[in-house]
Structure formats: structure tokens, C-alpha cells
Amino acid sequence: MKTTTKITNEEQLDLAFEIRKEVFVKEQGVPLADEFDEFDRLDGRCGHILVYYHEQAVGTGRLRIVDEYGKLERICLLEKYRNLGLGKVIVKALEEIAKEKGVLKVKLHGQTHAEGFYHRLGYQTASDIFMEDGIPHVLMTKQLS
């Protein structure tokens, strides 16, 4: 059973932070100081979500509006829950938040190893490879309908 929920309280936000620490900091080596920023709050500047698998929070992502785009950020899944279709669930939920905010263009900085995944969801590569936190990324964009 796969479900998503918009994060509305600090307890849910803490669950998202734990998932991000596990994936980005422990697994990928992103410095803790670089992983969290001023948008990691429940002040309305971002929409944060959790994805659940059999009632356990296993993934997260956030969306913020940047230059008339919905920018999908901090998308991650705990390792043992990958390849279950949950990444697509996260992306679609974030795209729905963008639509709710009246935004029909979205973008993200995708890690190059995930570029094919985003292509399958309708994203187009829009940049050369660049480095973020020592990890190769590309800018990807999509027009929502």
C-alpha cells in the first residue's frame, strides 16, 4: 500500500528529515550543514510530503516556487524501498502541489544516475552536467497539463 501525505506538523517534518539524513548525508555523503536550509519549515514557502509504504514513512520530497517554476527538491527514498514505484508517487504528488499553486512548469536538479527515471516521467534534460555537493546533476524541466 502506497500513500502520500502533505506534511502539516513538526512530527511529520522530523520524519522527513530523518529520511533525508539517511539518504543524503549517510548514504551519499552530503555534508549535514548543506542538507538543511531556510526552506525546511512549515511556513508555507514549500510544500513538503511523505510517502508511506505499508504505513511506514519511507520517502520524502518538497516543492517550492522559484522564478515561475515549481522546483522539486530533496526527493529521496530509503534504500530498501527503491524500485517499488514510490519515486514516481513522490514526483506526481509534488507536481499536484505545483498545480494547486497555479504553476504549470516544473524543474528539478536530478542526479545523473536518476536522469532516465525522470525522462520516463516526462522531464527533459535542460543543462550540461554540474556538481552539487560533489554529486553530478542536470537541470530537468517539464510542462504540466
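I will try to describe carefully the structure that is included in this document. Predicted model, so just to flag it, every value in this text is computed and none were measured.

In this model helix H3 (residues 86-100) runs 21 Å from its N-terminal to its C-terminal C-alpha over 15 residues, within 8% of the 21 Å that 1.5 Å per residue would give. Those residues of H3 not exposed but buried are Leu86, Gly87, Ile90, Val91, Ala93, Leu94, Glu95, Ile97 and Ala98. Backbone geometry just downstream of H3 places Gly102 in the positive-phi region, at approximately 80°.

Right, let's talk about the nonpolar core for a bit. Leu72, Leu94, Tyr118 and Tyr123 are the most contacted members of the largest nonpolar core, which has 39 residues in total. Breaking this core down by element, the ones donating at least two residues are helix H1 (10-27), strand E2 (46-53), strand E3 (56-66), strand E4 (69-77), H3, strand E5 (105-111) and strand E8 (135-143). Look past the residues within four positions of Tyr123 in its chain and what remains in contact with it is Leu72, Val91, Glu95, Val106, Leu108, Tyr118, Met140, Thr141 and Lys142.

Volume-wise, the largest pocket comes out at about 910 Å³. Considering the residues around the largest pocket, the lining is formed by 36 residues, among which Phe24, Ile75, Cys76, Gln111 and Tyr118 are closest to the centre. Of all the secondary-structure elements, those providing two or more residues to the lining of the largest pocket are H1, helix H2 (32-35), E4, H3, E5, helix H4 (115-120) and E8. Looking at side-chain class alone, the lining of the largest pocket contains 15 nonpolar, nine polar and 12 charged residues. Contributing to the lining of the second largest pocket are Lys6, Ile7, Arg41, Leu42, Asp43, Gly44, Cys46, Gly47, His48, Ile97, Glu100 and Lys101. At the level of secondary structure, the elements contributing two or more residues to the lining of the second largest pocket comprise E2 and H3. Element by element, the count of residues in the lining of the second largest pocket is highest for E2, at three residues. Here the lining of the second largest pocket is composed, by residue class, of four nonpolar, three polar and five charged.

Charged atoms that come close allow side chains of opposite charge to pair. Using the criterion set out here, one finds 17 salt bridges in the structure. In this structure, Lys21 engages Glu18 in a salt bridge whose closest nitrogen and oxygen atoms are separated by 3.3 Å. Here Lys21 and its partner Glu18 are both found in helix H1, three residues apart, which amounts to about one turn of the helix. Note on Lys21: relative accessible area 30%, which makes it partly exposed. A relative accessible area of 46% means that Glu18 is categorised as partly exposed.

For Ala126, the position within the fold is in the loop between strand E6 (124-125) and strand E7 (130-132). Linking Ala126 and Lys80, residues 46 residues apart in sequence, is a C-alpha distance of 30 Å.

In this fold, Lys142 is placed in strand E8. There is a polar contact of 2.6 Å between the side chain of Lys142 and the backbone oxygen of Leu121. Those residues in contact with Lys142 that sit more than four places away from it in its chain are Lys92, Glu95, Leu104, Lys105, Val106, Leu121, Gly122 and Tyr123.

Reading the values: the criteria
- Think of each chain on its own: its residues are numbered from 1, step by step along the sequence as written.
- Where totals are concerned, whole chains, interfaces and linings use all residues; where local detail is concerned, this predicted model gives features only for residues with pLDDT of at least 70, and gives and counts side-chain atom pairs only at 80 or more.
- Heavy atoms from the whole structure form the basis of all side-chain values; hydrogens and water molecules are not counted.
- Counting from the N terminus, the helices are DSSP H or I runs at least four residues long and the strands are E runs at least two residues long.
- Helix span is expected to be 1.5 Å times the residue number reduced by one.
- Under the scheme applied here, a residue whose accessible area is under 20% of the maximum for its type counts as buried, over 50% as exposed, and between as partly exposed, the area being computed with a 1.4 Å probe on protein chains only.
- Side-chain atoms within 4.5 Å are what join buried Ala, Val, Leu, Ile, Met, Phe, Trp, Tyr and Cys residues into a set we call a nonpolar core.
- What makes two residues a contact is simply this: any of their non-hydrogen atoms within 4.5 Å.
- With a 1 Å grid spanning the protein atoms alone, the term cavity applies to any set of points in which a 1.4 Å probe fits but cannot get out, the term pocket to an open set with protein on both sides within 12 Å along at least five of seven lines, and the term lining residue to any residue with an atom within 4 Å of a point.
- Grid points are joined across faces, edges and corners, and a volume is the space filled by probe spheres set on the points.
- Three classes are used: nonpolar for Ala, Val, Leu, Ile, Met, Phe, Trp, Tyr, Cys and Pro, charged for Asp, Glu, Lys and Arg, and polar for all others, with Gly counted as polar.
- The salt bridge definition used is simple: a Lys or Arg side-chain nitrogen within 4 Å of an Asp or Glu carboxyl oxygen.
- Counted as a polar contact is a pair of N or O atoms within 3.5 Å, where, for protein atoms, one must be capable of donating a hydrogen and the other of accepting one, and residues adjacent in sequence contribute only when both atoms are in side chains.

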